Amino acid sequence: MQTGVHSFMVDNMKTAAAKPAPTPVKIAGVKKIVAVASGKGGVGKSTVATNLAAACQMSGLRTGLLDADIYGPSLTKILGITQKPQLTEDKKLIPVMAHDLQTMSIALIMGEERAMLWRGPMVMGAVRQMLFDVAWDNLDVLFIDLPPGTGDAQLTLIQSAIVDGAVIVSTPQDLALIDARRGLEMFRRMNVPILGIIENMSVFTCSGCGSEFEIFGAGGAKDEAEKIGVPFLGALPLDPDIRAASDAGHVYMNSHAESRAALLYREIAEKLIETILS
Ligand code: ADP
């Protein structure tokens, strides 16, 4: 059976998509928007977006997290949330509070229905609705987890909303970096400031012997950042505790606040805050 929010989404998606490409505007209730992007899937983009949001929230900012990864929404799993958002009287979706973050995800609205086969207009409509039909409550910063690559969701976001900066997540390998370059180029062309590149799944340290292993290589993203002249924000370790926290619906930053990776997340978040809020 379809619920109220589900029908609301489906009914409005086509009208929202039919509107012409607008001039980017501010989103009501949001001071700054940071898009988190990657060239390909599986590099840890959603995990990084979640933990950066948690780090900003720990620093005292009112923070939101929007899952715009239409084809593979994973924030509900990472955050351990299932409840459907409610609607306000004037038909805005009320963000779901999770781990002190205001969150919204297509997965919360559409339930089991798969967005995998959606094409242009449906994707564009869904992204616009999640930007403009959510009652974000006085956020300092909203992190947006984008799908991998450079498709309709990314273009819709950039054309509709003023995006204050983009963070690119890549693993150290060449292949991930080649894809990441395309994303960088898209943001540049659309005049979205590149806040920097984050290397994820960098060095793995064996908890038994302390030896370090560069499973996907290391340093690739740093070299690339230098080569193309964008900030390198940091290299996050490959750490099984990060995966385990996500699988269990815990936010790693909260459950491992004193770990090396958590400190790195906080350092990166501070750099972002300094750049976008100063
Ligand atoms: P993407 O959003 O790029 O598709 P995810 O954030 O969903 O990637 O991460 C893919 C998988 O990798 C998940 O199982 C996640 O828990 C795991 N993961 C992400 N970052 C790390 C890391 N630094 N160390 C270990 N596992 C990680």
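All figures in this text were calculated on a predicted structure; none of them were measured in a lab. (Residues numbered from 1 in each chain as written. Predicted model: local features only at pLDDT ≥ 70, side-chain atom pairs only at ≥ 80, totals over all residues. Heavy atoms only, no water.)

Undergrad: I would appreciate a short explanation of the sheet that holds strand β3 (residues 96–98) in the present structure.
TA: Backbone-to-backbone hydrogen bonds pair the strands of a sheet. The strands run either parallel or antiparallel. Spatially, the eight strands line up as an open sheet ordered β3-β4-β2-β5-β1-β6-β7-β10, and their pairing is mixed. Two strands in the sheet have a free side with no partner beyond their single neighbour: β3 and β10 (232–235). Strand-to-strand twist in this sheet, taken as the mean axis angle between neighbours without regard to direction, amounts to 25°. Note: strand β1 (residues 30–38) against strand β5 (residues 139–145), six bridges, orientation parallel. In the sheet register, Val 36 faces β5, and the bridge partner there is Asp 145. Each of β1, β2 (63–67), β4 (101–105), β5, β6 (165–170) and β7 (194–199) touches helix α2 (residues 45–58); the most contacted strand, β5, lies at about 170° to it. Its contacts with the sheet put helix α8 (residues 220–228) on β7 and β10, and the angle it makes with β7 is roughly 155°. (Pairing = 2+ DSSP bridges. Helix = DSSP H or I, 4+ residues; strand = E, 2+ residues; numbered from the N terminus. Axes fitted to C-alpha atoms, helices over the stretch in contact; angles between N-to-C directions. Contact = heavy atoms within 4.5 Å.)

Undergrad: Mind showing me how you'd approach α8 here?
TA: For an α-helix, the turn length of 3.6 residues means that residues three or four places apart are oriented alike. Along α8, the residues that are buried comprise Gly 220, Ala 221, Glu 224 and Ala 225. An end-on view of α8 places all buried positions within 130° of arc, on one side of the element. In α8, those exposed residues whose orientation departs by more than 90 degrees from the buried face are Glu 226 and Lys 227. Looking one or two residues beyond α8, the residue adopting positive phi is Gly 229, at roughly 75°. (Buried < 20%, exposed > 50% of the residue type's maximum accessible area, 1.4 Å probe, protein only. Arc of directions from axis to C-beta.)

Undergrad: What exactly am I supposed to notice about the pairing of β6 here?
TA: Side chains on a regular strand alternate between the two faces of the sheet. In terms of burial, β6 is largely enclosed, as six of its six residues are buried. Residue alternation in β6 divides its side chains into two sets, Gly 165, Val 167 and Val 169 and Ala 166, Ile 168 and Ser 170, and both sets are buried. Where β1 meets β6, five bridges bridge the pair, whose relative direction is parallel. For Val 36, the partnering residue across the bridge sits in β6 and is Val 167. Examined bridge by bridge, β6 and β7 share five bridges and lie parallel to one another. Residue pairing in the sheet places Val 167 in a bridge with Gly 196 of β7.

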